[in-house]
Amino acid sequence: MYDVIILGAGPAGLTAALYAARGKLKSLVITGPMVGGQIALTYQIDNYPGFPEGLTGPELSDRFKAHAEKFGAEFIEAEATSVDLASNPYKAWVGDRVFDTSSLIVATGMTHRGLGVQGEDRLMGRGVFVCATCDALLYEDRKVVVVGGGDSALQEALDLAKFASEVTIVHRREELRACRCLTDRALIEPRIKFLYSTVVEEILGEKRVQGVRLRDLKTGELKVVDTDGVLLAIGWNPNTGLLRGEIEMNDSGYPKTEGVKTSKPGVFVAGDLIDRNYRQVVTSCGSGCAAAIEAIRWLEAQPSH
Ligand code: NAP
């Protein structure tokens, strides 16, 4: 029986584990597919406070994990297969193993949508990336293709244009979906170019991205364009399938929350699932901390505790 189970081991889950374990909760982290979450895919992290020399995503997540373990957090490096939040103690399964818990912190994050083209998975973290704020410095004076036509694509392109020599937005339709404010800024930025009605058919390169094969959807013409990076900005899906029917969610699959609290007592959310605006390591750590503090307060208020 655990005081808290934390689903997910990105910055939010690992920080929640640190705070919960240091707060003397018997804590179990069920990590999901990757310790570190999205930062496990980020080569260089330059903007996490306290590390002026920078460090890699895997190094930072190893440090987060070691810090939580130091205070007694337990880890299962596997994916939770289901949860039952009908009554307390809540239950979480990993295959046929079941774990009981008084409270739950969901920090399962989001998965970036993929193009499903050749080269994408193989070159992820080697030129294929999903966050300009995280990786833009790596593309100083280099060329980057940004795929998508929504707010993310335009925002990321504008952030990249401060560093890159050329940013090409490749969008499958003739019209952008992004808001006027971002579009107007991008249209006058000399380093940003637009290719409309165009899709990426393949990402090219041996060890790192070297180019993309593009198809013009109007003419059918195929061409290869040299690039050093491909930023995917075609949207994100929340990793909340496990919670369907267990807590209230909106139509897009995000938990309905008040701060870090969900519709279910003792069930909290942290990380990207409650932050569609900043999505930084440090903001995820902040909400992981908040979720753990709320879990501690909630447990202390229970008569049985
Ligand atoms: P989004 O609005 O869903 O846009 C995704 C874009 O990717 C669309 O242009 C879409 O094309 C394209 N796309 C989707 N699947 C594709 C595929 N398989 N191949 C090629 N293109 C594909 O997602 P988002 O831009 O990440 O924004 C998500 C939410 O966050 C929005 O509510 C947005 O307002 C918000 N956001 C706000 C800001 C800001 O205010 N600064 C910044 C980032 C995000 P179509 O247009 O053809 O569908």
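Reading guide: rules and limits
Residues numbered from 1 in each chain as written. Predicted model: local features only at pLDDT ≥ 70, side-chain atom pairs only at ≥ 80, totals over all residues. Heavy atoms only, no water. Near = heavy atom within 4 Å. Polar contact = N/O pair within 3.5 Å; in protein donor to acceptor, adjacent residues only side chain to side chain. Areas by Shrake-Rupley, 256 points an atom, 1.4 Å probe, with all protein chains shown as cover. Nonpolar A, V, L, I, M, F, W, Y, C, P; charged D, E, K, R; others polar. Core = buried A, V, L, I, M, F, W, Y, C linked by side-chain atoms within 4.5 Å. Buried < 20%, exposed > 50% of the residue type's maximum accessible area, 1.4 Å probe, protein only. Domains from an automatic or database assignment. Contact = heavy atoms within 4.5 Å. Pairing = 2+ DSSP bridges. Helix = DSSP H or I, 4+ residues; strand = E, 2+ residues; numbered from the N terminus. Patch = residues over 30% accessible without salt bridge, like charges linked within 9 Å, V, L, I, M, F, W, Y side chains within 5 Å. Salt bridge = Lys/Arg side-chain N within 4 Å of Asp/Glu carboxyl O. Lys, Arg positive; Asp, Glu negative; His and termini not counted. Charge placed at Lys NZ, Arg CZ, Asp CG, Glu CD.

A look at the site of the ligand
Stage number 1. Looking at the ligand, there are 15 residues lining it, with Asp151, Ser152, Arg172, Arg173 and Arg177 nearest.
Stage number 2. Contact between the ligand and Arg173: an oxygen atom at 2.7 Å from a side-chain N or O atom of the residue.
Stage number 3. Relative to its unbound accessible surface of 920 Å², the ligand loses 70% to contact with the protein.
Stage number 4. Of the residues in the shell around the ligand, the class split is three nonpolar, seven polar and five charged.

Quick notes on the nonpolar core
Stage number 1. Ranked by size, the top nonpolar core spans 39 residues in total, and within it Ile5, Leu7, Ile30, Leu85, Val200 and Ile203 carry the most contacts.
Stage number 2. Counting the residues that make up this core, at least three belong to each of domain 1 (2–111 + 236–300) and domain 2 (114–232).
Stage number 3. Not counting the four nearest positions on each side in its chain, Ile30 is found in contact with Ile5, Ile6, Leu7, Gly8, Ile76, Ala78, Glu79, Ala80, Ala92 and Val94.
Stage number 4. Counting residues in hydrophobic clusters, the runner-up holds 36 residues, among them Ala17, Leu55, Phe75 and Trp298.

Structural notes on the sheet that holds strand E17 (residues 229–232)
Stage number 1. The five strands lie next to each other as E10-E17-E11-E12-E13, forming an open sheet whose pairing is parallel. The sheet is open, and its two edges are formed by strand E10 (128–129) and strand E13 (192–195), each paired on a single side.
Stage number 2. Here strand E11 (residues 143–147) pairs with strand E12 (residues 166–170) via five bridges, running parallel. Residue pairing for E12: Val146 is matched across the bridge by Ile169.

Examining a positive patch on the surface
Stage number 1. A cluster of basic side chains, namely Arg113, Arg172, Arg173 and Arg177, defines a positive patch on the protein surface.
Stage number 2. With respect to the secondary-structure elements, Arg177 resides in the loop between E12 and helix H5 (180–187).

Here's the deal with the side chain of His171
Stage number 1. Mapped onto the elements, His171 comes out in the loop between E12 and H5.
Stage number 2. Side-chain polar atoms of His171 contact the backbone nitrogen of Gly149, separated by 3.5 Å.
Stage number 3. Residue contacts for His171: discarding those within four places in its chain leaves Gly148, Gly149, Leu176, Leu195, Tyr196, Ser197 and Thr198.

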